[in-house]
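# A closer look at the structure
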Amino acid sequence: MIHESRSESAPSKQTSFTKGVVFSLTFAFLLCFQLCCFSLAAKTYFQQDVTYRIHVTLNDVTHELSADEEIEYRNNSNQTLQEIYIHLWPNAYKDDQTALAKQLLENGETTFYYSKPESRGYINGLNFKVDNESVEFIYDSVHQDEGRIVLKKALASGEKITISTTFHIKLPSASISRLGHIGQQYMISQWFPKPAVFDAQGWHAFPYLDQGEFYSEFGNFDVSITLPKNYVVGASGVLQDSSEISWMNEKAKEEFVESDDLSFPNSDTALKTLHFKAEKVHDFAWFADKRYHVLNAEIELPESKRKISTWMLFTNSQSAYWKHCSDYVKETLVNYSNWLGDYPYSQITLVDGTIAAGGGMEYPMIAVLGEAITLKDFEYTVVHEVGHNWFYGILGNNERNNPWMDEGLNTYYNLRLMEQLYPKASFVDAYISESYVRFAHLAQYSSKTQYVLAYLSAARKNVDQTITLPATSFTDANYGSSVYSKSGFIFNYLANYLGETLFDSLMHNYYETWKFKHPQPNDLREIFEKGSSKNLDWFFADLLSSKKKLDYKISVIHKTDSNFVVKIKNKAAISGPFALSAIKIKEVVKTVWLDGFEGTKQVAFPIGDYSFLEIDKAWNMPEIRRSNNVIRTRGIFKKIEPLQLQFIGSIENTEKTTINYFPVVGYNQYNNFMAGMALYNHALIQKRFEYLVMPMYAVGSNDLNGSIQLTYHWNPNGILQAIEPHVVFKKYSYRNRPVQLGFVHAAAGIDFNFRKKNVRSPLFQKIKIRNANIWEDTAPYNYAEKQYKKDSYANNYFINSLFYSLKNKRTINPFEIGIGIEQGNNYAKSTLEALYHFSYEHRRKAAEIRVFGGKFIYEANASAQFGFTMNGNNDYAYDNIYLGRNDVEGIFNQQFYMKDAGFKNLTLTPNSMDWMLAANIFIPAPGKIPFAFYSDIGKAASSDKLDYDWGVALVIYRNIFEIYAPIQQSSDLNQLNYFEKIRFVLHLNALNPIEQLKNYFN
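To keep things clear, this report deals only with the structure shown in the data block. (Residues numbered from 1 in each chain as written. Predicted model: local features only at pLDDT ≥ 70, side-chain atom pairs only at ≥ 80, totals over all residues. Heavy atoms only, no water.)

### Comments concerning the sheet that holds strand β23 (residues 360-363)
The strands that make up a sheet pair up through hydrogen bonds in the backbone, lying either parallel or antiparallel. Threshold: Any two strands between which DSSP finds at least two bridges are classified as paired. We count a stretch as a helix when DSSP gives it H or I for four or more residues in a row; a strand needs E for two or more, and each element gets its number in order from the N terminus. A fitted line through C-alpha atoms represents every axis, and for helices the fit uses only the stretch in contact; the resulting angles, taken between N-to-C directions, go from 0 to 180 degrees.
Spatially, the five strands line up as an open sheet ordered β20-β21-β22-β24-β23, and their pairing is mixed. If you trace the sheet from one side to the other, it starts and ends with β20 (293-300) and β23, each paired once. Ignoring which end each strand starts from, the neighbouring axes of this sheet average 15° apart. Here β20 runs beside strand β21 (residues 307-314); their pairing, made up of eight bridges, is antiparallel. The residue of β21 that forms the bridge with Glu300 is Lys307.

### Focus on unusual backbone geometry
Looking along the chain, the bond that leaves Arg737 and enters Pro738 is cis, with omega of 0°. Tracing the backbone through its elements, the reader meets Pro738 in the loop between β37 (720-735) and β38 (741-754). Positive phi is not limited to glycine here, since Tyr878 has a value of about 55°. Note that Tyr878 resides in the loop between β45 (845-859) and β46 (915-924).

### Digging into the pairing of β23
As a general feature of sheets, a regular strand has side chains that alternate between the two faces. Filter applied, for reference: Throughout this description, buried means an accessible area under 20% of the type-specific maximum (1.4 Å probe, protein chains only), exposed means over 50%, and partly exposed covers the range between.
Neither face of β23 is left uncovered, since the one carrying Gly360 and Glu362 and the one carrying Met361 and Tyr363 both have all their residues buried. Looking at chain direction, β23 and strand β24 (residues 366-369) are connected through four bridges and run antiparallel. Opposite Gly360, over in β24, you have Leu369 as the bridge partner. Hairpin connection between β23 and β24: a loop of two residues separates the two successive antiparallel strands, and Met365 in this loop has a positive phi of roughly 70°.

### Some thoughts on the packing of helix α10 (residues 476-498) against helix α11 (residues 500-514)
Put simply, the test is: In what follows, roughly perpendicular refers to angles from 65 to 115 degrees, roughly parallel to angles under 35, roughly antiparallel to angles over 145, and oblique to any angle outside these ranges. Between two residues, a contact is recorded if the distance between any of their heavy atoms is within 4.5 Å. For this classification, the nonpolar set comprises Ala, Val, Leu, Ile, Met, Phe, Trp, Tyr, Cys and Pro, the charged set comprises Asp, Glu, Lys and Arg, and every other residue, Gly included, is treated as polar.
At a closest axis distance of 6 Å, the pairing of α10 and α11 adopts a crossing angle of 120°. Judged by the angle between their axes, α10 and α11 are oblique. Only Glu500, Leu502, Phe503 and Leu506 of α11 make contact with α10, whose side of the interface consists of Phe491, Leu494, Ala495 and Leu498. Partitioned by chemical class, the residues of the contact of α10 with α11 number seven nonpolar, no polar and one charged.

### Considering the pattern of salt bridges
Convention followed: What makes a salt bridge here is a side-chain nitrogen of Lys or Arg within 4 Å of a carboxyl oxygen of Asp or Glu, nothing more.
Within the structure shown, the criterion is met by 38 salt bridges. Close ionic contact of Asp537 with Arg525 constitutes a salt bridge, the shortest N to O distance being 2.3 Å. With Asp537 in helix α13 (residues 537-543) and Arg525 in helix α12 (residues 521-532), this residue pair connects regions lying twelve residues apart in the sequence. Since its relative accessible area comes to 35%, Asp537 is described here as partly exposed. Through salt bridges with shared partners, a single network forms among Arg416, Glu500 and Asp504.

Here is the structure:
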């Protein structure tokens, strides 16, 4: 800043001149400063330049790679570099302490954790040099698949160095990795030492993960691969050897005969060296198998007329699908080139391979495909993986920080192509029969519906996540529902709003501006907002960068001479544009796009002969609630929808009120056989209000029984994830001797689920509050009539309960703790229960230890039925389903539930009205043996001795159906034969239609 002195007298000429000079100099300085800033801004973007020369040899006996590598690295930044960070990603498979191993466990995947050392892999034999001079290499202190070269001489801007090293890789099993082998099938990806990206944000030296993928520098590759002569090899880049090309062409001409043979032929004793080159790519992967069949074709691009060579390499596995692969590749290359810009490379290859990555995995110019469910599923995967050549391959965004920029955009184009090819296909056509599609009223829901449902399944419960989070922040489920489904679907929304012509023009601009570069989110936004001349905050700031929801509601409609005037309310936080359609019977007559707004607005729609108006009839918007999107144009009750009955269930129908139905049967000793119908409104995604009504006629008691369940789901923001008030009503018989006696259970409660601070945390907390009222028939003896006389619901009592649970659902060794307080007629008691699982064998088996403690807070001559039990058979709240809850003999008497002390076998200890302590151990046999060892030990105030039992259990279905046979027990039960001492768990609660239908739909 220039300080200027002032005088009260008039300024002299000299002063004026001085001021003029100061002003001129100031102006010149500011001008220069602005020019410098402009110049610096213009040079802000840079990317480093790399050239790789690698020679690698495969040992297919020991499954190892030996290689040497040379990297020419040019510093195009304006900074001087003191070190170069290097990825050593094969070390991700070294042990169960790597970032990859930990992430897999967090996501519930245990295959890698339980894998044997011989199935794992690593990289070693490193000897880094810079310009032929040895340098220090320092491994990262946390991640052994990351390290850095310390440069002896700093690398200035514009200078280049040559980094060289030898390396050796022990290949892991591809059943636990993307890099590795299955027998002598080799999938070699993310395998060589590779410089991390250095960009305007600095170094991106991150460990290998399969959720949140890669970010690498563009460059050129010159790779030589030596291996036995009879291997067929597919790789990034273009094969340079004319003799090998001729051999591949000859194999492509061979007559193919379908076969189930997947055995490996012997390896040729002679070796060959194949030479591949690739330009302007950021990675190099290769695949080799002696069993590969070969198909090739040539595809002409629509605009440039360039010819692209395509190669398909596949085994006998699903070979019937692979015969169509060339057509699917052509569909993708032609359409993506039309919509975005030409595929820039001269070749593309697809290979068959079973990898831990799942259905498929993309690399520049090549993709690997796993097994598909159906032919259409195979086609979808081909389109997706080939499409990744644009989003990830050519537009090289940072997949770790912004996975939506490749997975989301690629999913949109994947969806667009499938809908173009199959405009009348339902989203489930690839998986279920056409007849069931019609029966379940699914034919109207196109391919895009799967993405909407995936998003809504999380969003309705308010457990969805912001799309623009880094990949490592997502839960495993949300990585699919947000990064893929929601982001792909909202680009479909944007394209429909802007119109495909404008959208394609903008994407062409984005592609041409950023191909072979590293675009950031703002680069895409800038192109769309400038090119469309629209404010797209609702898209980039709200849909992409927040969890805000979209929900428009049609409230009222009235008719004028020229228009329908529709009152529409925005019930959510996003003011996005919306489509309003007029439908006559089932056909869309007219659709208009209207700009979004806040609050309530009246919208004029051209008058016509329409049955109803609907917001987003085509399912192009991520509307959180669709039941309020429709209004009829005539009639008194325009918002009341016609009734539709649906077997089992379907998707929410916006035009009809759907009641789902499902036949149910039941049995207990007192009602005998029961048959009825479950009626409910559950759909594939959670509704706010859900009901289930299940009336059943009982043959034995000759009356109507059944249950009703009503639940409201409220998913607020803040400390609570969900608040769920609910009502349950049940009526059945509980005794039939000397007369038939029934009970009614009526309960009202509310569950509070706490929100997790870290959504990837395995910790879940819940509080349950409930009031239950029980009415029981009694049958006192009538001495005047000399018979037992039924006295309907003469015995009634209430139970109030408060229960807190903490569950750690971590993959290995999960545990749970529950604390409860219960208060009823003349008593109050507290309980503490803890359960710890010791996991082993891929989590299929777990040894368990359970501890229980209970203490009465007060007791005033309360019935002994409310006391703590050793035997698990005092279900005074009528919460569980017993086949013979009050039988004193017979097999049904031997059914029990894990309750209180949880003893598997009977004891003589009476219920305790004071305190009880117990511990239970359950150890399953290893492997597939369906037996387990169990033991229980406990002490109650009602007994002067310690109770125990131990024995062997037959585990037919854990916690559902188990049979417990004692070997030794403390109680002297000589009055029972051995068979009568055996008890069983038959957890009918978990099997009853109410719970099963709830689980099915939610």
